[in-house]
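Below are the chains, spelled out letter by letter.
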Amino acid sequence: MSEADESAFQRGAGTNPSPLSQPAPPSKPVVAFNRKELDTILRLYGRMVADGEWRDYAMDLLKEKAVFSVFRRTSEMPLYRIEKDPKLARRQGAYSVVGAGGMILKRGHDLAQVLRVLEKKKHLRVVDA
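### Considering the overall build of the chain
When helices and strands are tallied, the chain shows three helices and five strands. Going from N to C terminus, the chain has its helices and strands arranged as α-α-β-β-β-β-β-α. The buried share among the 129 residues of the chain stands at 26%. Put simply, 30% of the contacts in the chain that link residues at least 6 apart link residues at least 24 apart. Carbon and sulfur atoms form 53% of the exposed surface of the chain, whose accessible area is close to 10000 Å².

### Remarks on the sheet that holds strand β5 (residues 104-108)
Strands sit in the order β1-β2-β3-β4-β5 across an open sheet of five strands; the sheet is antiparallel. Two strands bound the open sheet, and with one partner strand each, they are β1 (56-61) and β5. Strand-to-strand, the axes of this sheet are offset by a mean angle of 15°, without reference to chain direction. Of the pairings in the sheet, the one linking strand β4 (residues 95-99) to β5 comprises four bridges and is antiparallel in character. Paired with V97 across the strands is K106, a residue of β5.

### Digging into the side chain of S96
For S96, the position within the fold is in strand β4. Residue classification places S96 among the buried residues on the basis of a relative accessible area of 5%. Residues within four places of S96 in sequence aside, it is in contact with R81, I82, E83, I104, K106, R107 and V114.

### Topic: the pattern of salt bridges
As a working rule, side chains carrying opposite charge can pair if their charged atoms are close by. Tallying each qualifying case throughout the model produces five salt bridges. For D39, the salt bridge goes to R43, with nearest N and O atoms at 3.1 Å. Of the two residues, D39 and R43 both sit in helix α2 (residues 35-50), four residues apart, roughly one turn of that helix. Accessibility expressed as a relative area gives 37% for D39, which makes it partly exposed. Put simply, E119 and R47 hold a salt bridge, and the shortest N to O gap is 2.6 Å.

About the criteria used
Residues numbered from 1 in each chain as written. Predicted model: local features only at pLDDT ≥ 70, side-chain atom pairs only at ≥ 80, totals over all residues. Heavy atoms only, no water. Helix = DSSP H or I, 4+ residues; strand = E, 2+ residues; numbered from the N terminus. Buried < 20%, exposed > 50% of the residue type's maximum accessible area, 1.4 Å probe, protein only. Contact = heavy atoms within 4.5 Å. Areas by Shrake-Rupley, 256 points an atom, 1.4 Å probe, with all protein chains shown as cover. Pairing = 2+ DSSP bridges. Axes fitted to C-alpha atoms, helices over the stretch in contact; angles between N-to-C directions. Salt bridge = Lys/Arg side-chain N within 4 Å of Asp/Glu carboxyl O.

Shown next, in the form of structure tokens:
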């Protein structure tokens, strides 16, 4: 290296910072369902698919909340939305079930209890023998 090269290197002219060496900006946290919550939701979903009530689902993981949408047909609006909103955890409960029209059917702190609103009622009938 010559003296000119050394002086340019010392002034920073020879250094070219690569974009890989700069730290990446922190990613924004995303709200998601944990494994236990997904297990509870998918058990209900499996029973309803077996009964022929539901056919498709979609999951949206957003900054503010996580949404599990249930469809009768893929091309339609969702029948129900199961939402997890951590901001409401201390007040009304983080979990809610929202109907097709946007009406909240049930809200609470326990996911299993909230999902009971979607369970099919067992109707007993008297049958003449």
